Amino acid sequence: MSHQSGTQLNQHYIDGEWTDGDGSDTFASESPATGETLAEFTRGTEADVDAALAAADEATEEWRELSYIDRAEYLWEIYHELRDRHQELGEVVSKECGKEISEGKADVTEAWHMVEWAAGNARHPHGDVVPSEVGDKDAYMRRKPRGVVGCITPWNFPVAIPFWHMAIALVEGNTVVWKPAEQTPWCGQIIAEMFDDAGIPDGVFNMVQGFGDAGAAITDDERVDTVLFTGSAEVGQEIASKVGGEPGKLAACEMGGKNGIIITEEADLDIAVHSAIMSSFKTTGQRCVSSERLIVHTDVYDEFKERYVEIAEDVAVGDPLEESTFMGPAIEPEHVEKIRKHNELAEQEGANVLVDRFELGEDEIPDGHEDGNWVGPFVYEIEYDTDLRCLKEECFGPHVALLEYEGDIEDAVEIHNDTPYGLAGAVISEDYRQINYFRDHAEIGLAYANLPCIGAEVHLPFGGVKKSGNGYPSAREAIEAVTERTAWTMNNSKDIQMAQGLSADI
Ligand code: UN1
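Each value, and the rule that gives it
Residues numbered from 1 in each chain as written. Predicted model: local features only at pLDDT ≥ 70, side-chain atom pairs only at ≥ 80, totals over all residues. Heavy atoms only, no water. Helix = DSSP H or I, 4+ residues; strand = E, 2+ residues; numbered from the N terminus. Buried < 20%, exposed > 50% of the residue type's maximum accessible area, 1.4 Å probe, protein only. Polar contact = N/O pair within 3.5 Å; in protein donor to acceptor, adjacent residues only side chain to side chain. Contact = heavy atoms within 4.5 Å. Near = heavy atom within 4 Å. Areas by Shrake-Rupley, 256 points an atom, 1.4 Å probe, with all protein chains shown as cover. pLDDT = per-residue confidence, 0-100. Core = buried A, V, L, I, M, F, W, Y, C linked by side-chain atoms within 4.5 Å.

Draft legend 1. Highlighting the side chain of T419. Mapping T419 onto the fold places it in the loop between α12 (409–416) and β18 (424–428). We classify T419 as buried; its relative accessible area is 8%. Separated by 2.9 Å, the side chain of T419 and the backbone nitrogen of Y421 make a polar contact. Setting aside residues up to four positions removed in sequence, T419 forms contacts with K258, R293, L391, K392 and K466.

Pasting the structure below:
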């Protein structure tokens, strides 16, 4: 095992041991900002996943017998490590996934918030006691862990999202097999070290590094009772239909969005411009909640456009480790090409391009970073039409459409809802009727007023509707995905008392 980048081969963590596993293939974590190799990792095979699942399966029996409080103790250890190593781990996030440093650190903060929530829950036991409909009977729900939980997590929140999934699964008494994203294995390595340092019992937490084949070996295995997935719509859809279609298995998947912000004629334009810039360009547009559509009322359109474009022309793209940077690079060269195609599609569909910084000027690229995956803001205006693909397909980059609307909030919400996705969105308005209309009619899981549509608080349900997902792999709602309920009914009398007026006479 290596705690350092670029030195030795980093391994899988299976059944309480660091191991090279079965395969001889390796892969590298590459810096999106410089292209350099940060560290090397063993690539997981089906046999490695099999070993991890066997260990997780075996460990369920003892782990589920521990109290919630005892299970949470391991997570409190990790909570302190996350806090103590905030700066160091935040820098690793920035180096490995390219987020600027304040966002790298926020990723770690979000992780400990989630751990705090999940471990704190152990001290906040709750349940449902239900009065029986007949006589002297007690009824209540008993919650039990489902068993083995498979966690597949994305690169864009390489520390926070693993803890969304795993902290809850573990406190609720499940064991875990986790595959970090192949772009961010170094963060995966450090998280596994934290579990190891916390002395988590063998087999309770297992990590296999690797690619989609290792992920599929986890999700397809019959020993896995629940799959928690956060990532692309394509993979999520496959998992949701395959795993969700199997009796006895559950999948909670959270995928992408084509998120919109409505700026009404009643908007405070300072809030509007600020919220839109944050939502479009933070994380280089690579959050599943990033906004690619700004739906702006005609009365304020020109002023909003002028102010928004001025900032988009100017936001600092550069070295993620520099505090003055607003946007780092895209995650990988293939993703730069994907963003290019989305920008081209918008142009083919008639976009009037307002900001084209897709190819950064040479003087904008920091010295020594020439091999980074650089992209800058691409902003266009286009007349809304339901057939436009550029308004429906998620780019996952700094690619933003401005849409001018006339009429009232009902018209804006109709445009807002016209995508296959339904993850996040916001309304900017000083009129509470418009705000309430948006809250009640926007087809999304995360709705904001007078705020960016990024930066959800961890204790709120995080998930979407339509193509954005089939459940909540985090916070309170994730408890539903990782536990089973037994509806318990007990008769306290000597008579057999039945519901529905059913006679107990024989
Ligand atoms: C994601 O967009 O992929 O709400 C996750 C937010 C963060 C999580 C984002 N708390 O922006």
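Draft legend 2. Main features of the site of the ligand. The immediate surroundings of the ligand are formed by E110, N156, F157, W164, R287, C288, V289, I454, G455, A456 and F462. Measuring from a nitrogen atom of the ligand, one finds a side-chain N or O atom of E110 at 2.9 Å. The contact in question runs from an oxygen atom of the ligand to an N or O atom on the backbone of V289, over 3.3 Å. Protein coverage of the free-state accessible area of the ligand, which is 320 Å², stands at 99%.

Draft legend 3. Quick look at the confidence of the model for the protein chain. When pLDDT is averaged across the protein chain, the result is 95; 98% of the residues are at 70 or more. In the predicted structure, residues 1–6 sits below a pLDDT of 50 and forms 16 contacts with residues beyond four places in sequence or in another chain. Among the prediction metrics, the complex's ipTM stands at 0.98, with pTM recorded as 0.96.

Draft legend 4. Quick look at the nonpolar core. Judged by nonpolar contacts, the single largest core of 107 residues is most densely connected at L82, F163, F205, I263, F304 and Y308. If sequence neighbours within four positions are ignored, F205 has contacts with Y13, M166, V176, W178, A192, F195 and I200. Formed by 23 residues, the second largest nonpolar core is a distinct cluster that contains I295, L345, Y380 and V427.

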